[in-house]
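Structural features, examined
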Amino acid sequence: MPNPDRVGQRFLEGDRVTKRRIDGFKTRRSPRTGKIVEVIEEMKKIKNRNPFKHYSYKVLWDDLKSPALHAQQTLQALDD
């Protein structure tokens, strides 16, 4: 039975995103913002499980010159 709460692709090319804080602390640093340059969709296969789609994104951060690869769960939309 499929999971009704499963999330598909959240972002498109050109969307502005920020990096999620995973440590739970609020700091005085301004949040890191960037623009999605490329969407990477791949089918992952794990032993004894059905294959599933995994979304990764190449993000060009405002303070860097080259894009960095990030998983979907580490990013959030800038307007959130």
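The preceding data block contains the structure.
Our subject in this report is the structure included herewith. (Residues numbered from 1 in each chain as written. Predicted model: local features only at pLDDT ≥ 70, side-chain atom pairs only at ≥ 80, totals over all residues. Heavy atoms only, no water.)

**Brief notes about the packing of aromatic side chains**
Inspection of every chain in the model, using the stated rule, returns one aromatic pair. Look at Phe11 and Tyr57: their rings are 5.5 Å apart centre to centre, the planes differ by 75°, and that puts the pair in the edge-to-face class. One end of the pair, Phe11, is in the segment before β1 (16-19); the other, Tyr57, is in strand β3 (residues 52-61), with 46 residues separating them in the sequence. For the pair formed by Phe11 and Tyr57, the shared burial category is buried. (Phe/Tyr/Trp six-rings, centres within 6.5 Å; stacked < 30°, edge-to-face > 60°. Helix = DSSP H or I, 4+ residues; strand = E, 2+ residues; numbered from the N terminus. Buried < 20%, exposed > 50% of the residue type's maximum accessible area, 1.4 Å probe, protein only.)

**Quick look at the nonpolar core**
Counting eight residues, the largest nonpolar core is built from Phe11, Val17, Ile36, Tyr55, Tyr57, Val59, Trp61 and Leu75. With four residues, the top contributor of residues to this core is β3. Ignoring sequence-local partners within four residues, the contact set of Phe11 consists of Val17, Ile36, Val39, Tyr57, Gln72, Leu75, Gln76 and Ala77. (Core = buried A, V, L, I, M, F, W, Y, C linked by side-chain atoms within 4.5 Å. Contact = heavy atoms within 4.5 Å.)

In short, the description is geometric, and any link to function would need to be established separately.
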